[in-house]
Amino acid sequence: MSQTASPDLLKKSGLAKKLVVANWKMHGNLEKNKVLLAQYIAALSGLKQTKIVVCAPYPYLAQLQQLLQHTNISWGAQNIAKNAEGAYTGEVSAAMLKDFGCEYVIVGHSERATAYCESDENIAQKFVQAKQHGLTPILCVGETLIEREAGLMELVIGKQLDTIIAQHGAAIFADSIISYEPIWAIGTGLAATPIQAQAMHKFIRNKIASIDKEAASRLKILYGGSINPQNALQLLVVSNVDGGLVGKCSLEAQGFEKICAAADMAN
Ligand code: PEP
């Protein structure tokens, strides 16, 4: 029989606090980032209940460190090498991310998994690299439209999680983040419905809880895929939705501020 983490346990562990992660993807430049970050800081410094993270392209991590270090906004990267060090041209290691004050790193985003043929095994290695170096991985999982239409969502996501569990056990998910990102919802303007999100988040939490209840209670599960100021609240109040991963709407401060305010309200 599967175990589920009780709401009380979640509250005690601090998981009631929502998390909103901005994924800037390959957008920005020094000048634009400076303006956007100043707007973020002005708009979001009052938030007490919601944790904010910005994941930027590698060249701008130094800028994030400089401009965000004394604020309530944390930062991270959008990818990480699967190896710790060595002859891997073009790769960036976990230790390098730590040098620039990163606390978080996105792992296995579908845009990378598709374009650069990242296998579940590679993604599992990246996840472990992050954990071993004290970074919080944000593991992206999700199904394609064809897989959803065939009713294969749980099978696909179960396999993505099983690859990590088989190598490192479910305990590795304690203090980690999983972002449920239906691929058909990313950048399309077509978000999952709250009912669809609720079902998948419950599946993910229960899957981890069935092996390690403690790890499941210390895991945050975000929703990502066309979150916008209009749909944010209805998605973020859903049970087992601990926050959101926001792409397009993080590139414009007003919209992002509204999404963060919705998260604060949903706490
Ligand atoms: C993403 O890239 O993770 C994402 C959720 O993008 P968007 O919000 O633009 O759908």
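Residues numbered from 1 in each chain as written. Predicted model: local features only at pLDDT ≥ 70, side-chain atom pairs only at ≥ 80, totals over all residues. Heavy atoms only, no water.

A.B. asks: Give a description of the overall build of the chain that names residues and reports values.
C.D. replies: Looking only at helices and strands, the chain features 12 helices and eight strands. Viewed in the frame of its principal axes, the chain has a C-alpha envelope of about 55 × 45 × 35 Å. Within the chain, the proportion of its 267 residues that are buried is 52%. Considering only intrachain contacts with a sequence separation of at least 6, the fraction spanning at least 24 residues in the chain is 73%. For the chain, the accessible surface area stands at approximately 12,200 Å², while carbon and sulfur atoms represent 55% of it. Of the charged side chains in the chain, 24 are positive and 23 negative; the average position of the first set lies 5 Å away from that of the second. (Helix = DSSP H or I, 4+ residues; strand = E, 2+ residues; numbered from the N terminus. Buried < 20%, exposed > 50% of the residue type's maximum accessible area, 1.4 Å probe, protein only. Contact = heavy atoms within 4.5 Å. Areas by Shrake-Rupley, 256 points an atom, 1.4 Å probe, with all protein chains shown as cover. Lys, Arg positive; Asp, Glu negative; His and termini not counted. Charge placed at Lys NZ, Arg CZ, Asp CG, Glu CD.)

A.B. asks: For the nonpolar core, give the residues involved together with the corresponding values.
C.D. replies: Counting 73 residues, the largest nonpolar core has Tyr40, Leu139, Leu161, Phe173 and Tyr223 as the members making the most contacts within it. Looking at this core element by element, the count peaks at seven residues for helix α12 (residues 253-266). Core analysis: the next-biggest nonpolar cluster, separate from the first, contains 11 residues, Val53, Cys55, Ile138 and Cys140 among them. (Core = buried A, V, L, I, M, F, W, Y, C linked by side-chain atoms within 4.5 Å.)

A.B. asks: For the site of the ligand, give the residues involved together with the corresponding values.
C.D. replies: Looking at the ligand, there are 14 residues lining it, with Lys25, Glu181, Gly187, Ser226 and Gly247 nearest. The contact in question runs from an oxygen atom of the ligand to an N or O atom on the side chain of Lys25, over 2.7 Å. Gly187 has a polar backbone atom sitting 2.7 Å from an oxygen atom of the ligand. Out of a free accessible area of 290 Å², the ligand has 98% covered by protein chains. Classifying every residue of the shell around the ligand by side-chain character gives four nonpolar, seven polar and three charged. (Near = heavy atom within 4 Å. Polar contact = N/O pair within 3.5 Å; in protein donor to acceptor, adjacent residues only side chain to side chain. Nonpolar A, V, L, I, M, F, W, Y, C, P; charged D, E, K, R; others polar.)

A.B. asks: Give me helix α2 (residues 30-44): which residues, what numbers.
C.D. replies: Counted at 1.5 Å a residue, the expected span for α2 with its 15 residues is 21 Å, and the 21 Å between its end C-alpha atoms agrees. Where the residues of α2 are buried, they touch β1 (18-23), β2 (50-55), α3 (61-68), β3 (73-77) and α12. For α2, the N-terminal cap is Asn29; the gap from its side-chain oxygen to the backbone nitrogen of Glu31 is 3.1 Å. (Expected span 1.5 Å × (residues − 1).)

A.B. asks: Just give me the short version of the sheet that holds strand β7 (residues 220-224), but keep the residues and values in it.
C.D. replies: Here we have eight strands rolled up into a closed barrel, ordered β1-β2-β3-β4-β5-β6-β7-β8, and parallel in their pairing. Geometrically, the sheet is characterised by an average inter-axis angle of 25 degrees between neighbouring strands, direction not taken into account. Note: β1 against strand β8 (residues 243-246), four bridges, orientation parallel. Directly across from Leu19, in β8, lies its bridge partner Gly243. Set on the sheet, helix α6 (residues 120-132) makes contact with β4 (104-107) and β5 (136-141); between it and β5 the angle comes to about 160 degrees. Seen against the sheet, α12 touches β1, β2 and β8 and runs at an angle of roughly 165 degrees to β1. (Pairing = 2+ DSSP bridges. Axes fitted to C-alpha atoms, helices over the stretch in contact; angles between N-to-C directions.)

A.B. asks: How would you explain the environment of Glu111 if you had to name every residue and give the values?
C.D. replies: Structurally, Glu111 is set in helix α5 (residues 110-115). When the C-alpha positions of Glu111 and Asn228 are compared, they lie 19 Å apart, and in sequence the two are 117 residues distant. In this view, Glu111 contacts Lys25 and Ile186; residues no more than four positions away in its chain are not counted. Within the structure, Glu111 has its side chain in polar contact with the side chain of Lys25 (distance 2.7 Å).

A.B. asks: I'd like a rundown of a nonpolar patch on the surface, residues and numbers included.
C.D. replies: A cluster of nonpolar side chains, Leu233, Val237 and Met265, forms an exposed patch at the surface whose accessible area comes to about 290 Å². Relative to the helices and strands, Met265 resides in helix α12. (Patch = residues over 30% accessible without salt bridge, like charges linked within 9 Å, V, L, I, M, F, W, Y side chains within 5 Å. Salt bridge = Lys/Arg side-chain N within 4 Å of Asp/Glu carboxyl O.)

A.B. asks: Can you explain the environment of His168? Please cite residues and give values.
C.D. replies: Take His168: it is sitting in helix α8 (residues 153-168). Along the primary structure His168 and Asn231 are separated by 63 residues, whereas in three dimensions their C-alpha atoms are 36 Å apart. In terms of polar contacts, His168 uses its side chain to reach the side chain of Gln167, at 3.3 Å.

A.B. asks: For the packing of aromatic side chains, give the residues involved together with the corresponding values.
C.D. replies: Counted by the stated rule, this structure contains four aromatic pairs. Here Tyr180 and Tyr223 contribute two aromatic rings whose centre-to-centre distance is 6.3 Å and whose plane-to-plane angle is 55 degrees, an arrangement assigned as tilted. Taken together, the residues Tyr180 in strand β6 (residues 177-180) and Tyr223 in strand β7 connect sequence positions 43 residues apart. Classification of Tyr180 by relative accessible area gives buried; the value is 0%. (Phe/Tyr/Trp six-rings, centres within 6.5 Å; stacked < 30°, edge-to-face > 60°.)

A.B. asks: Summarise unusual backbone geometry; cite the residues concerned and give the values.
C.D. replies: Of note in this structure, Lys25 is not a glycine but carries a positive phi near 50 degrees. Of the residues examined, Lys25 reaches a relative accessible area of 19% and is grouped as buried. Unusually for a residue other than glycine, Ser226 sits at a positive phi of about 60 degrees. When you line up the elements, Ser226 lands in the loop between β7 and α11 (232-236). Judged by its relative accessible area of 16%, Ser226 is buried.

In short, shape yes, function no, at least from these values alone.
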